[in-house]
Amino acid sequence: MNILPIIIAIPAIALVLIALLKERHSKLISTASTGIVLALSIALLALSIQAGKASFSQQYSYIGSLGIGLDLNVGIIQLILLLVSSAVLFAAAMSGNTEDEKHRLSSFLVVLFQLASVGLFSSANFFIFFIFWDVGVVALFFMINTLGSANRKIASINFLIYELFASALLLLAILLIYFYTPVNSFDLSYIAAHAGLIPANIQMIIFALLFVAFMINMPLFPTHFWLPDAHTEASTQGSMLLSGVLTKYGGYGMLLLFTMFPISAQFSKYVAVLAAASAFYAVFVLMRQTDVKRIIAYSTIVEMGIIMFGISAVNNYGIYGSAYAMLSHGLAVALMFLAVGVLKHVFGERDIRVLKGTVVNARSTTYIFLVGTLAMIGFPFSATFIADILIFLGAIQAFGVYGLIPLGAIAMLGAYLYFVINKSMLSTKEASSTVGATTMGHRLGYALLLLLIFAFGTMPFLLLNLIR
Amino acid sequence: MFAPIVIVPMLIGAFASLALGSRGSTKYVALAASIVSFALALSMLGTQQQAQDVNWFAFAGNAFVLNFSLAPIHMLLLLIVAGVTPLVLGYSIGFMRLPSEHGRYYFEMLLFASSMALFAISGGFLTMFIGWELLGVTSYLLIGFWYGKEAAPTAARKAITTILIGDLAMFGAMLLLWTAYHSFSFAVIQGVQHSAAATVALSLILVAAFTKSAQFPFNEWLPDAMEGPTPVSAFLHSSTMVKAGVFMIAILLPIYAGYGMLLPILAIGIVSTVIGATNALVSTHIKRALAYSTIEDLGLMFIALGLNALGAAIMLFIMQTFYKALLFMNAGAIIKSNNTEEMWRSYESASHRPLFIASVIGVLSLAGVFPLSGFFGKQAVEGASVSAPLVYAILVIVQLLTGLYIFRWLLIPARRAPDNIAPKVRGGYRAVSIAMKIPIYVLAAIAVAASALYLLAPAYLGISAPQINVADAAVAFALTLAALVASYYVYASRSAIKAAQALRRYRSLSVPLYNSIFINRAYLAIAAAFGAIAYVVDRFDYWAYSRVRVVSSSLIEMGRATSRIESGNVTTYAAIFVGGITALIIIFGLL
């Protein structure tokens, strides 16, 4: 039996159940839905390992005359992204919405976003890709808008303006592609095979449109202004999903763009410079932040810059390294946001000028923050280490010694995170008092994410052997 | 035998300690684990298959291999690490008295030891980098172990920040070399011809080595690291961590020689040696003085490497382990008895004869007095420098400084205590626990006996024995004797207080000696420069972001304004409808 349609069907059914059943069941349903999808994604991985390659597909025609349908296709990159998104979603669902009591709403939005994410990462049809993209954006818009903290309205509108602009560009590009491929088609594999036949100037326009659309979503400097606010104002779940999954939409889009359109190789150098500049820019801004959540938010831009840098190398190492980095970063950043959410929950405070000696009253969370920091800067045994090896090998191949420059941004990020740990966490001249306690859901979230970070850091062959 | 097995007992011990926590058995479990590891290391001495490779993963047809090596030089470091670990852990039983700290302490110590052991047996960059990173993080945790103290967390951060630079430099170098040679193995990399990228990679590796081995300009984290517990210092300065950088360069020395890149190693070695020796002479903190002395020792090793004298560097590498561990453990006993880390407020170290004799052995060994093991290390380096007169001259001056600071270190705490506190201090020395004394005596014995390694080690390692020149040795001995007399006159005679006052009057003289202050200021300046850039970038970011925010908030306002029209009132809708139609008719009519 084919697993792919089930992966899409489960969140769809869960959505209905959450809407129909009592509110006290909703957290359970969302946890079950995300958990089953994670289990199925791991099953996909196991099946791929058995078969020696990752290749699953399934097609359901919808509007046949236009070539629109629910065409699903999962290769190695899609499998990696399915794994990270379902893991982050499961962790987010398990840890629950600690900020307030709107369980039905939060569970509904989590599952809606899950539907969008699994659909997006497994779709083989650009049109459906676009639909899932928008559903995901809308789900997170409501998540920020209704479940966030004080300034959530403005943050969510910021987010929406940027994301809808990106969507519009994306739609335009998709239509251009549709009309300029020899046989009008939305099929990704067909487009990949025939992108070279599109006239060069049209290709250029398509590249520009798609690049800007994905760049807004990733985000890169200078289109990142929606991100810090959205991440900071969203609920813990919201930030985990935004940074762990939504930014990967753009990253995945970039991967598609750079692997599908041969013209993108021409821009490789400029994109690399932009990506590196974005990473350094973000790390400098990050060094002036005092809200831990904002710090982690900016670190997302740094890491996405590194990922973009890897993609821009346009070789095997860079492309697959970036895909692996999306896995590792998704897990690590979700872990960090979860830890920050728990800090806020336990101490009622996120400002490093106020927060003191958290190790006294929140030992596990403090050490998780330290481990998360290590996982972000590419410590051995974390998935990021493998990703960084591949990305920078790719970058050296493409740009020579200059390919190592973004390591400087990672060093600065690490240095500032150690500063944060030193200032607020592992120094206990005085300790903040508590207003809440760590829950079992939080601990389960930590355990899951840590386990996966470690597993993919020590057993990279599980995924890398599947690459042909 | 498969090399990484040596780490397994220590890892098990580490996690067992964490699980046992504050129970009384934790310390013995940890000690037992380290002894088992040492036994395993000994049993590997005769291993036939020295190079052992494990395929980790493959990508695009290239295998990423974890190389392990039990070649003599790796074996040597492994034995040193595995041998010192039980001594340090035994000493810890006496030193770390709070059971609540035990679980975390022994966990981190054993992890630290296992990462160094992993580093020692690594036969390629990938394996070495893993050990290297683990060393960095565990040392961070250990330096900041007492995070309730004022300075400990800051010292730990200083260490990890400095080391982070080296980590990423090494990461970059490792990938550059891989791109050039498609292998991480030292053996492969040494066997191939020149490539352009390799020069950059080798420079990056030097940076990494200097950060880890606390060489100029990355030296200042090491004295600050004294905020950690004393057993940690004894461990960190003798066999682990700071030796990593020297070891890495020693392994790669033929490549550096081949690329003609020895001069920077020599230069940095000389600068660090001088910085170490001068600051050790003026530091009044009983452990910091030794820390600067470690910088000096490591500098001497780099000088030997810079002169392409591998044998001399290795000799000092071995000998330094024993006397430095011994001296730190002695420092711990003095600190415990006086309850202060300030040299001038420590007294009566001579009142406990066996401990004092152990100290003297350590001190004489460090000063390089025949026939203690230190003599062979120090003289080997001097012997290597004979061909370079300038280096030799500097080494002679350093020799004198070394004698001065180390006798000062010995004699100041040996003064008679004022009558009101003397009984208490003497009682303190008597109360030093047996668990602390045994490792001290063992190390003192080794510091004497290790002289034999001068004859044994070169044969085992297959390198030529470093030459020791009798005339040099005589000069060195005379200088050391002069230093002893001078120190005795200044610090131990009855006029010690007066002498100290006299020295204080000539404070300006000591400015060139206190040079580490300038390095710290340079660090602050660099941090401030980064801060300034960050300030500007952040201002810009905020400015641009505010503009975006204006757009969104005006959109929200617009929504609010138009929502008043959408009131649900049918009459209003009808009125607007009629009005609109009328307006349209008029407009079209006018057109």
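Refer to the structure presented above.
This structure is a prediction, so every number in the text was calculated from the model and none was measured.

Caption draft 1: Here's a closer look at the overall build of chain A. On a plain count of helices and strands, chain A comes out with 19 helices and 2 strands. Since a compact globule built from 468 residues should have a radius of gyration of about 23 Å, the 21 Å found for chain A is in line with a globular shape. Overall, the C-alpha framework of chain A stretches about 70 × 55 × 45 Å when taken along its three principal axes. Among the 468 residues that make up chain A, the fraction classed as buried is 68%. Summarising the internal contacts of chain A: among those between residues at least 6 apart in sequence, 81% fall at separations of at least 24. Total accessible area on chain A stands at roughly 14,500 Å², and carbon and sulfur atoms take up 67% of it. Each charge sign in chain A was given a centre, from 22 positive and 16 negative side chains, and these centres are 5 Å apart.

Caption draft 2: Examining the packing of aromatic side chains more closely. Taken as a whole and assessed by the stated rule, the structure comprises 54 aromatic pairs over all chains. A ring pair is formed by Phe127(A) and Phe186(A), whose centres lie 5.3 Å apart and whose planes are at 50 degrees; its orientation type is tilted. Taken together, the residues Phe127(A) in helix α5 (residues 126-147) and Phe186(A) in the loop between α6 (152-180) and α7 (188-194) connect sequence positions 59 residues apart. With a relative accessible area of 23%, Phe127(A) lands in the partly exposed category. Arranged with centres 5.6 Å apart and planes meeting at 10 degrees, the rings of Phe385(A) and Phe129(B) form a pair that is stacked. Highlighted residues: Phe385(A) in helix α16 (residues 383-399) and Phe129(B) in helix α5 (residues 125-143), drawn from two different chains. Phe129(B) carries the same exposure label as Phe385(A), and that label is buried. Ring-pair connections join several aromatic residues into one group, and the members of that group are Tyr317(A), Tyr320(A), Phe385(A), Phe392(A), Trp56(B), Phe57(B), Phe59(B), Phe64(B), Phe129(B), Phe171(B), Trp178(B) and Phe184(B). Stacked on the ring of Tyr545(B), the Lys or Arg Arg294(A) has its end atom at 5.8 Å from the ring centre. For Lys243(B), the ring lying beneath its charged end belongs to Phe317(B), and the centroid distance is 4.3 Å.

Caption draft 3: Expanded view of helix α17 (residues 407-425) of chain A. Over its 19 residues, α17(A) extends 26 Å from the first C-alpha to the last, a length consistent with the 27 Å expected when each residue adds 1.5 Å. With 16 of 19 residues buried, α17(A) lies mostly within the body of the structure.

Caption draft 4: Summary view of the interface of chain A and chain B. The interface of chain A with chain B comprises 64 residues on the first partner and 53 residues on the second. Taking both partners together, chain A and chain B bury about 5,100 Å²; carbon and sulfur atoms supply 76% of that area. Viewed at the interface, chain B and chain A are joined by 1 salt bridge. Seen at the junction of chain A and chain B, the total is 9 residue pairs in polar contact (both at pLDDT 80 or more). It is α17(A) that provides the largest number of residues to the side of chain A that touches chain B, a total of 10 residues.

Caption draft 5: Spotlight on the side chain of His285(B). Residues and elements named next belong to chain B. Within the secondary structure, His 285 is located in the loop between α12 (262-282) and α13 (286-306). Separated by 2.8 Å, the side chains of His 285 and Glu 341 make a polar contact. Leaving out residues up to four positions away in the same chain, His 285 has contacts with Met 226, Glu 341 and Met 343.

Caption draft 6: Fine view of the packing of α17(A) against helix α6 (residues 152-181) of chain B. With their axes 10 Å apart at the nearest point, α17(A) and α6(B) run at an angle of 165 degrees to one another. Considering their axes alone, α17(A) and α6(B) lie roughly antiparallel with respect to each other. Taken as a pair, α17(A) and α6(B) cross one another with a handedness that is right-handed. In contact with Leu407(A), Ile410(A), Ala411(A), Gly414(A), Ala415(A), Tyr418(A), Phe419(A) and Asn422(A) of α17(A), α6(B) contributes Pro153(B), Thr154(B), Arg157(B), Ile160(B), Thr161(B), Leu164(B), Leu168(B), Phe171(B) and Gly172(B). Taken together, the residues of the contact of α17(A) with α6(B) sort by class into 11 nonpolar, 5 polar and 1 charged.

Caption draft 7: Examining the pattern of salt bridges more closely. Residues and elements named next belong to chain B. Per the counting criterion, the structure on display carries 12 salt bridges over all chains. For Glu 227, the salt bridge goes to Lys 149, with nearest N and O atoms at 3.3 Å. With Glu 227 in the loop between α9 (221-224) and α10 (230-238) and Lys 149 in the loop between α5 and α6, the pair connects residues that are 78 residues apart, well separated along the chain. In this structure, Asp 297 engages Lys 378 in a salt bridge whose closest nitrogen and oxygen atoms are separated by 3.2 Å. Of this pair, Asp 297 sits in helix α13 while Lys 378 is found in helix α16 (residues 373-384), placing the two residues 81 residues apart along the sequence. Across the pair, exposure class does not vary: Asp 297 and Lys 378 are buried alike.

Caption draft 8: Structural detail: the packing of helix α3 (residues 72-95) of chain B against helix α14 (residues 310-338) of chain B. Residue and element names in this part refer to chain B. One way to put it is that α3 packs onto α14 with a least axis distance of 12 Å and a crossing angle of 5 degrees. The orientation of α3 relative to α14 falls into the category roughly parallel. Touching Ile 73, Leu 76, Leu 77, Ile 80, Val 84, Leu 87, Val 88, Tyr 91, Gly 94 and Phe 95 of α3 are Ile 314, Phe 317, Ile 318, Thr 321, Phe 328, Met 329, Gly 332, Ala 333 and Lys 336, all from α14. Counted by class, the contact of α3 with α14 contains 15 nonpolar, 3 polar and 1 charged residues.

Reading the values: rules and limits
Residues numbered from 1 in each chain as written. Chains lettered and ligands numbered in written order. Predicted model: local features only at pLDDT ≥ 70, side-chain atom pairs only at ≥ 80, totals over all residues. Heavy atoms only, no water. Helix = DSSP H or I, 4+ residues; strand = E, 2+ residues; numbered from the N terminus. Rg over C-alpha atoms; globule rule 2.2 N^0.38 Å. Buried < 20%, exposed > 50% of the residue type's maximum accessible area, 1.4 Å probe, protein only. Contact = heavy atoms within 4.5 Å. Areas by Shrake-Rupley, 256 points an atom, 1.4 Å probe, with all protein chains shown as cover. Lys, Arg positive; Asp, Glu negative; His and termini not counted. Charge placed at Lys NZ, Arg CZ, Asp CG, Glu CD. Phe/Tyr/Trp six-rings, centres within 6.5 Å; stacked < 30°, edge-to-face > 60°. Lys NZ or Arg CZ within 6 Å of the ring centre and 35° of its normal. Expected span 1.5 Å × (residues − 1). Buried area = accessible area lost by both parts, 1.4 Å probe. Salt bridge = Lys/Arg side-chain N within 4 Å of Asp/Glu carboxyl O. Polar contact = N/O pair within 3.5 Å; in protein donor to acceptor, adjacent residues only side chain to side chain. Axes fitted to C-alpha atoms, helices over the stretch in contact; angles between N-to-C directions. Parallel < 35°, antiparallel > 145°, perpendicular 65-115°, else oblique. Left-handed = near helix turned anticlockwise from the far one by under 90°. Nonpolar A, V, L, I, M, F, W, Y, C, P; charged D, E, K, R; others polar.

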